[in-house]
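Summary of the model geometry
These are the residues of each chain, in order.
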Amino acid sequence: MIFKAAGPRTRPALRKVRTTTALRPLRHRLDPTRVEEIPFRAGDGVRLGLTRVDSGEADRPAVLLLHGHTASADMFLLPETRNLVDVLLDDGYEPWLLDWRGSCRLPYNETGQKYTYDDVALYDIPEAVAHIRARIGDRPLFVVAHCIGSLTLSLSMTAGLVPGLAGVVSQGVFLTPKLAGRTSLRMTLAGELLKSRIDHIPVDIRKVGLWSKYTPLFALASRKASCPDPTCQILHNSAWGTGASLFVHEHLTETTHDRLAELLGPAPLWILPHLRRIELARTVVRWHDTDLRYRTLPQNALDAAARIDTPVLLLSGSENGLWQDSQKLCHDVLAHRQPQLDVTYTEIPGYGHLDTFLGRGAALDVFGHILDFLGRRR
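First, a word on what this report is: a plain description of the structure on this page. The numbering scheme is per chain: residues are counted from 1 as the chain's sequence reads. Reporting in this predicted model follows two pLDDT cut-offs: at least 70 for local features of residues, and 80 or more for side-chain atom pairs to be given and counted; totals over whole chains, interfaces and linings ignore these cut-offs and use all residues. The side-chain figures draw on all heavy atoms in the structure; neither hydrogens nor water molecules are used.

The next thing to look at is the side chain of Thr253. Numbered from the N terminus, helices here are DSSP runs of H or I no shorter than four residues, and strands are runs of E no shorter than two. By the element assignment, Thr253 lies in the loop between helix H7 (230-236) and helix H8 (254-258). Within polar-contact distance, the side chain of Thr253 engages the side chain of Thr256 at 2.9 Å. The contact partners of Thr253, leaving out residues within four places of it in the chain, are Glu80, Thr81 and Arg360. Here a polar contact is recorded for every N or O atom pair within 3.5 Å, except that within protein the pair must consist of a potential hydrogen donor and a potential acceptor, and residues adjacent in sequence are included only if both atoms are side-chain atoms. Two residues qualify as a contact provided that any one of their heavy atoms is within 4.5 Å of a heavy atom in the partner residue.

With 20 residues, helix H2 (residues 117-136) ought to run about 28 Å at 1.5 Å a step, and its terminal C-alpha atoms sit 27 Å apart, in line with that. Note on H2: the residue one or two positions beyond its end, Gly137, has a positive phi of about 70 degrees. A helix is expected to span 1.5 Å multiplied by its residue count minus one.

Turning our eyes to something else, we now look at helix H3 (residues 148-158). Residue pairs spaced three or four apart in an α-helix point in one direction, given the helix's 3.6 residues per turn. Working definition: with a 1.4 Å probe on protein chains only, accessible area under 20% of the residue-type maximum means buried, over 50% means exposed, and in between means partly exposed. Along H3, 11 of the 11 residues are buried, which leaves the element largely enclosed by surrounding structure. Among all positions of H3, only Ile148, Gly149, Ser150, Leu151, Thr152, Leu153, Ser154, Leu155, Ser156, Met157 and Thr158 are buried. Buried residues in H3 make contact with strand E3 (62-66), H2, strand E5 (141-146), strand E6 (167-171), helix H10 (272-281) and strand E9 (312-317). The positive-phi residue at the C-terminal boundary of H3 is Gly160, with phi of around 75 degrees.

What follows is about unusual backbone geometry. Comment: phi is negative for the bulk of residues other than glycine, and the bulk of peptide bonds are trans. Positive phi values are uncommon outside glycine, yet Thr70 reaches one of about 75 degrees. For Thr70, the position within the fold is in the loop between E3 and helix H1 (84-90). Phi is positive for Arg282, close to 60 degrees, though the residue is something other than glycine. Looking at where Arg282 falls in the secondary structure, it is placed in the loop between H10 and E9.

Its place among the elements puts Ala261 in helix H9 (residues 260-263). Residue classification places Ala261 among the buried positions, given a relative accessible area of 19%. C-alpha separation for the pair Ala261 and Cys232, spaced 29 residues apart in sequence, amounts to 8.4 Å. Apart from residues no more than four positions distant in its own chain, Ala261 is found in contact with Val203, Asp204, Arg206 and Thr231.

Here it is, written out as structure tokens:
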């Protein structure tokens, strides 16, 4: 038994679900006067979050940071470690952070209109890039993207919606998603078996109650877990029930570990059909085939990879328990099919997936590769 109910058994209070689109405040240790929260809506009316960190100098290159699905801009601002924003500021860059519609600072994973990754690629990323360019003029603009943020960016790039970037750092996955066999199978089964009962998988049992319909999911995630924390179990030991692992446990500080339920939100099950189609194709494919609004996006991003017009650094931890060797596969495939592209691959020994940004030693072990890549192209 890995957790116990305190006191007599009582009926849990009704779960509080956010319905307002107000963004949850960012946590950071920066001077608040340097952090500019910009009112921002995508072209389809969805409210997003766009944040600029004032570097104090007007001529610095800009770097747009894209989080993964269910994460948020908070993953780049951890006050308990030397984070990526700290490193970028010290090295002469102006960080911009986009909370796209999959951010846990927004309520869309639990409430509101459902979406696909087509929406992120068509609306969120290109419009954020356009807004930043309107502000920075002809200064270089780089992008550092993690996980699904990187995957959807690849669809925007191959659609020609974000031309002229100075360089892109892709962490975890880019054009060739590859999941472990059991993860792929569990993702399919979860979508079919659970879709009639729940529409998302939470990560914080305190918000849903011990005696809830989610309890079996937490119990399954606890099997053979070495950590007693239920949130850690469902993320590190199970990746929302898929059987994958999102990070190397010992790389997190105690503070970051205790913040996991804040840093990563619920995973929507209704996104699984699109993710499943992408994984089966082993490339990023468009979901909408008949809706003319999405005709700009390629049906198959890998087939349109020749449209990539910027250098790309593919990063991945050697112990990536979610996307495995997707980045190495991407490098090899592009080297064969599009040898004219400037694409390099770097593997971070001993790192998993999320700890490449959240890890206590990421500033020493990971961020240097990012700075080297940016520095050669600024």
